[in-house]
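If you want the building blocks of each chain, they are given just below.
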Amino acid sequence: MKKSIMRATLPSPPGQTLFKQLDLLKKSGFDGIQLGVQAAGELTLRTPDTAVTALAKACRDAGLEPHAIYGGISFFREDEADRERGLDEARHVLEIAALLGARKVLIHPGQLTAAIPYDDCWKYALDGLRALKGKAEATHLRLGLENVWNKFLMSPLEFQRLIGDVDSPAVGIWFDIGNVVVFGYPEQWIRILGGKPIVGIHVKDFKRGPSDHFGDYDGFVPLFHGSVNWPAVMRELVAAGFDDYLVTEVSLGSQPLPDALGELSRQLDVLVGYAKK
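Not measured: the values here are computed from a predicted model.

Chemist: Break down the nonpolar core for me, with residues and values.
Modeler: Generally speaking, a soluble globular protein has its nonpolar side chains buried in company with each other. Phe75, Leu100 and Leu246 are the most contacted members of the largest nonpolar core, which has 83 residues in total. If we ignore the near neighbours within four places in the chain, the residues touching Leu246 are Met1, Lys2, Lys3, Ser4, Ile201, Val203, Met234, Leu237, Leu268, Leu271 and Val272. Judged by nonpolar contacts, the second largest core, of eight residues, contains Met6, Tyr70, Leu106 and Trp174.

If you want it as structure tokens, here you go:
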């Protein structure tokens with residue numbers, strides 16, 4: 001397994017562009033980076049193709065693989081015309097991923113609300129993934145629908161059903177380990193899902209409260225300070241055949257950036273060590 005970091009967790013102070021952080025990431029021990037299609041910054045829906053390829057080259061010149069991206073895709077839109085615009089944007093995100101040489105795209109489908117009920121969200125997610133799967137297959141991309149706190153897809157069995165209904169090897173789940181802990185056990189999800197549906201992994205920790213009861217919790221915490229059973233999680237990932245990037249989505253806190261990245265890299269080394277036992 002290899003070590004990666006989510007772009008959104010890196011600071012973006014004035015004058016401190018991502019380009020200036022790439023060498024530090026590699027020096028800290030990271031192998032790759034998950035870039036983000038954001039409203040502003042080095043990568044947006046409006047970024048020219050030449051700038052996209054320049055970003056990919058900068059990453060690779062620093063020794064980092066831009067292996068995956070997130071952002072720019074949302075399926076849960078109440079208005080039909082808005083959903084069509086969203087699909088056009090999503091197709092463009094896939095084009096950006098292909099230009100970067102990324103292999104995987106994380107999809108946050110949107111937020112279930114009183115105005116967009118559960119059954120509509122199911123239909124919109126299914127329609128969206130079906131609309132994108134042909135382009136993903138043609139460009140050798142895999143799409144991972146993330147388990148996020150959006151009141152939608154609350155069990156691995158639901159994910160299995162949705163992915164099965166899409167019926168494409170290009171479509172699966174981007175599994176966020178920490179997001180499950182508030183209502184489940186990530187090692188169980190991994191075992192039930194199996195290896196093929198897992199497109200990517202987000203690594204973060206979450207702590208249930210002092211009694212460790214569900215509904216009583218402290219929230220997201222640094223790695224190894226929460227309720228995740230990391231040895232069990234890594235055993236299940238190995239058993240499932242997952243051997244790709246562990247992407248951290250962890251707050252870097254108030255430490256100087258080199259110290260924070262170094263500590264995070266060493267924590268990932270511990271997880272990789274669990275995978276080798």
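Chemist: A description of the pattern of salt bridges should follow, citing residues and the corresponding values.
Modeler: Applying the stated rule across the entire model yields 15 salt bridges. Note that Glu89 and Arg77 form a salt bridge whose closest N and O atoms lie 3.1 Å from each other. Of this pair, Glu89 sits in helix H3 (residues 80–100) while Arg77 sits in the loop between strand E3 (65–70) and H3, placing them twelve residues apart in sequence. Among the residues examined, Glu89 registers a relative accessible area of 29% and is labelled partly exposed. Taking relative accessible area as the criterion, Arg77 reaches 15% and is therefore assigned buried. Among the ionic pairs, Lys104 bridges to Asp244, the shortest N-O distance being 2.6 Å. You can see Lys104 sitting in strand E4 (residues 104–107) and its partner Asp244 sitting in the loop between helix H8 (230–239) and strand E10 (245–248), a full 140 residues away along the chain. Each member of the pair Lys104 and Asp244 is classed as buried. Beyond isolated ion pairs, a larger network of salt bridges with shared partners links Glu65, Arg103, Lys104 and Asp244.

Chemist: Please set out helix H7 (residues 186–193) residue by residue, giving values where relevant.
Modeler: Within the span of H7, buried status applies to Pro186, Glu187, Trp189, Ile190 and Leu193. The buried residues of H7 occupy one face: seen down the axis, they fall within an arc of 160°. Buried-residue contacts for H7 involve helix H5 (156–166), strand E6 (171–176), helix H6 (177–180), strand E7 (198–203) and H8. Two residues or fewer after H7 comes Gly194, characterised by a positive phi angle close to 80°.

The rules behind each value
Residues numbered from 1 in each chain as written. Predicted model: local features only at pLDDT ≥ 70, side-chain atom pairs only at ≥ 80, totals over all residues. Heavy atoms only, no water. Core = buried A, V, L, I, M, F, W, Y, C linked by side-chain atoms within 4.5 Å. Buried < 20%, exposed > 50% of the residue type's maximum accessible area, 1.4 Å probe, protein only. Contact = heavy atoms within 4.5 Å. Salt bridge = Lys/Arg side-chain N within 4 Å of Asp/Glu carboxyl O. Helix = DSSP H or I, 4+ residues; strand = E, 2+ residues; numbered from the N terminus. Arc of directions from axis to C-beta.

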